[in-house]
Amino acid sequence: MMPTRLFFCNLFFCISLFLVGCSSETESESDKTLANKKVTGSSSVDLLTNDKTKLVVEIVSVENFEPSAMALEEFRSFIDRHCHKPSGIEFRYNTISSPGKDRYTIDDIVETEETHRTAFNDEETVSVFVLMLDGRSERDTDESVILGTAYRNTSFVIFQGTIKRLNPYANNTELAIAQATVINHEFSHLLGLVNLGTPMVTVHEDEENKNHCQTENCLMNYKADAGISIGNLTRPSSVPELDAFCLEDLRALGGK
Ligand SMILES: [Zn+2]
Ligand SMILES: [Zn+2]
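Keep in mind that this is a model prediction, so the values were computed, not measured.

**A look at the coordination of the zinc ion (ligand 2)**
- Within the protein, the zinc ion (ligand 2) binds to Cys213 (SG), Cys218 (SG), Asp243 (OD) and Cys246 (SG); these donor distances fall in the range 2.1 to 2.3 Å.
- Here the zinc ion (ligand 2) binds four donor atoms, and the angle range of 99 to 116 degrees at the metal identifies the geometry as tetrahedral.
- Of note, the zinc ion (ligand 2) draws all its donor residues from one chain, in the sequence arrangement C-x4-C-x24-D-x2-C. Cys218 shares its class with Cys213; the two are buried.

Printed below as a string of structure tokens:
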């Protein structure tokens with residue numbers, strides 16, 4: 001099988017984000033959802049520090065495409081290692097029927113969020129929306145596939161259909177590691193990595209793959225080689241961690 005490059009996320013999605021809500025200022029006073037419709041990376045302080053003491057993670061999954069319990073534990077542990085949330089981290093789950101597409105555009109994804117998201121920021125709480133989809137990204141090609149995309153300040157999507165399709169023979173542990181790698185990676189974009197709202201203490205952004213880390217085995221490297229790859233039988237035995245440069249950036253902004 002031809003080696004295929006895997007991308008955690010599409011850079012254009014990561015960077016060329018849209019500010020929804022700017023055009024409807026008359027509604028802005030009353031729309032409590034606007035704080036969750038900002039550009040990716042702009043909520044890094046809310047997520048990392050105890051300015052907001054609580055974090056709610058709302059996970060909306062297409063039926064049969066839920067993340068595994070093991071992947072969710074990895075995610076929770078990752079949040080706990082990097083974010084100060086003295087009032088706790090609460091996971092909420094909802095299962096939906098498939099929106100019915102094979103390929104999803106970013107508009108499809110936003111529309112699904114608008115329909116199903118129920119948790120938003122308030123005085124004490126920052127809320128994150130995670131969408132687990134059954135299909136693939138419309139931007140997938142024969143050469144590359146997108147496993148996940150952070151598309152707003154507190155929202156990301158995981159193309160669980162693609163992850164499953166690429167790992168037909170994976171056991172539960174391998175699948176959980178693959179899922180948790182993408183989930184933690186996309187969440188780290190919400191934390192402003194790399195150079196995505198969170199300033200770099202030491203320059204370590206990958207020149208060719210913006211908003212990703214130069215360090216080969218860092219969670220924020222653009223490649224999924226530390227996670228999963230087509231035709232690559234060497235699978236990691238654990239979810240990749242952030243390297244010292246990425247950690248330094250988060251701590252400089254007030255993270256753990
Ligand atoms: Zn990425
Ligand atoms: Zn890094």
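**Concerning the nonpolar core**
- If you look at the biggest cluster of nonpolar residues, it comprises 41 residues, and the most contacted ones within it are Phe156, Phe187 and Leu242.
- A per-element tally of this core places helix H7 (residues 172–190) first, with six residues.
- Setting aside chain neighbours within four positions, we find Phe187 in contact with Leu47, Leu55, Phe75, Phe78, Ile79, Cys83, Val128 and Phe156.
- One finds Phe129, Leu133, Tyr151 and Val157 within the second-largest nonpolar core, a separate group that totals 14 residues.

**Examining the side chain of Thr154**
- Checked against the element boundaries, Thr154 lands in the loop between strand E8 (148–150) and strand E9 (155–159).
- Given a relative accessible area of 0%, Thr154 falls into the buried group.
- At 3.1 Å, the side chain of Thr154 and the side chain of Arg117 are in polar contact.

**Re H7**
- Taking 1.5 Å of rise per residue, 19 residues should cover 27 Å, and H7 covers 27 Å from first to last C-alpha, within 8% of that figure.
- Most of H7 is tucked away: 16 of the 19 residues are buried.
- For H7, the capping residue at the N-terminal end is Asn171, with a side-chain oxygen 3.0 Å from the backbone nitrogen of Thr173.
- Phi turns positive, to about 95 degrees, at Gly192, one or two residues after H7.

**Description of the pattern of salt bridges**
- Inspection of the entire model under this criterion finds 11 salt bridges.
- Arg81 is the salt-bridge partner of Glu241, the closest N and O atoms lying 3.0 Å from each other. Of the two residues, Glu241 is situated in the loop between H7 and helix H8 (244–252) and Arg81 in helix H4 (residues 69–82); the sequence distance between them amounts to 160 residues.
- Classification of Arg81 as partly exposed rests on a relative accessible area of 34%.
- Ionic pairing is found between Glu114 and Arg152, a salt bridge with its closest N-O pair at 3.2 Å. Here Glu114, found in helix H5 (residues 106–116), pairs with Arg152, found in the loop between E8 and E9; they are 38 residues apart in sequence, far enough to count as distant.
- What you see here is one network of salt bridges that share partners, running through Lys37, Glu113, Glu114, Arg117 and Arg152.

**Quick word on the packing of aromatic side chains**
- Inspection of every chain in the model, using the stated rule, returns five aromatic pairs.
- Aromatic side chains Phe75 and Phe187 sit 5.4 Å apart centroid to centroid with 75 degrees between the ring planes, which places their arrangement in the edge-to-face category. On the criterion of sequence distance, the pair formed by Phe75 in helix H4 and Phe187 in helix H7 is long-range, its members being 112 residues apart.
- Under the relative-accessibility criterion, Phe75 is labelled buried at 1%.

**Comments concerning the packing of H4 against H7**
- Contact geometry of H4 with H7 gives a least axis separation of 8 Å together with a crossing angle of 35 degrees. Every pair of crossing elements has a handedness; the one defined by H4 and H7 is right-handed. Between H4 and H7, the residues in contact are Met70, Ala71, Glu74, Phe75, Phe78 and Ile79 and Asn172, Thr173, Ala176, Gln179, Ala180, Ile183, Asn184, Phe187 and Ser188, respectively.
- By residue class, the composition of the contact of H4 with H7 is nine nonpolar, five polar and one charged.

Procedures and definitions
- Residues numbered from 1 in each chain as written.
- Chains lettered and ligands numbered in written order.
- Predicted model: local features only at pLDDT ≥ 70, side-chain atom pairs only at ≥ 80, totals over all residues.
- Heavy atoms only, no water.
- Donors = N, O, S within 2.8 Å, 3.2 Å for Na, K, Ca; no water.
- Tetrahedral: all angles 85-135°; square planar, octahedral: opposite > 155°, others 65-115°.
- Buried < 20%, exposed > 50% of the residue type's maximum accessible area, 1.4 Å probe, protein only.
- Core = buried A, V, L, I, M, F, W, Y, C linked by side-chain atoms within 4.5 Å.
- Helix = DSSP H or I, 4+ residues; strand = E, 2+ residues; numbered from the N terminus.
- Contact = heavy atoms within 4.5 Å.
- Polar contact = N/O pair within 3.5 Å; in protein donor to acceptor, adjacent residues only side chain to side chain.
- Expected span 1.5 Å × (residues − 1).
- Salt bridge = Lys/Arg side-chain N within 4 Å of Asp/Glu carboxyl O.
- Phe/Tyr/Trp six-rings, centres within 6.5 Å; stacked < 30°, edge-to-face > 60°.
- Axes fitted to C-alpha atoms, helices over the stretch in contact; angles between N-to-C directions.
- Left-handed = near helix turned anticlockwise from the far one by under 90°.
- Nonpolar A, V, L, I, M, F, W, Y, C, P; charged D, E, K, R; others polar.

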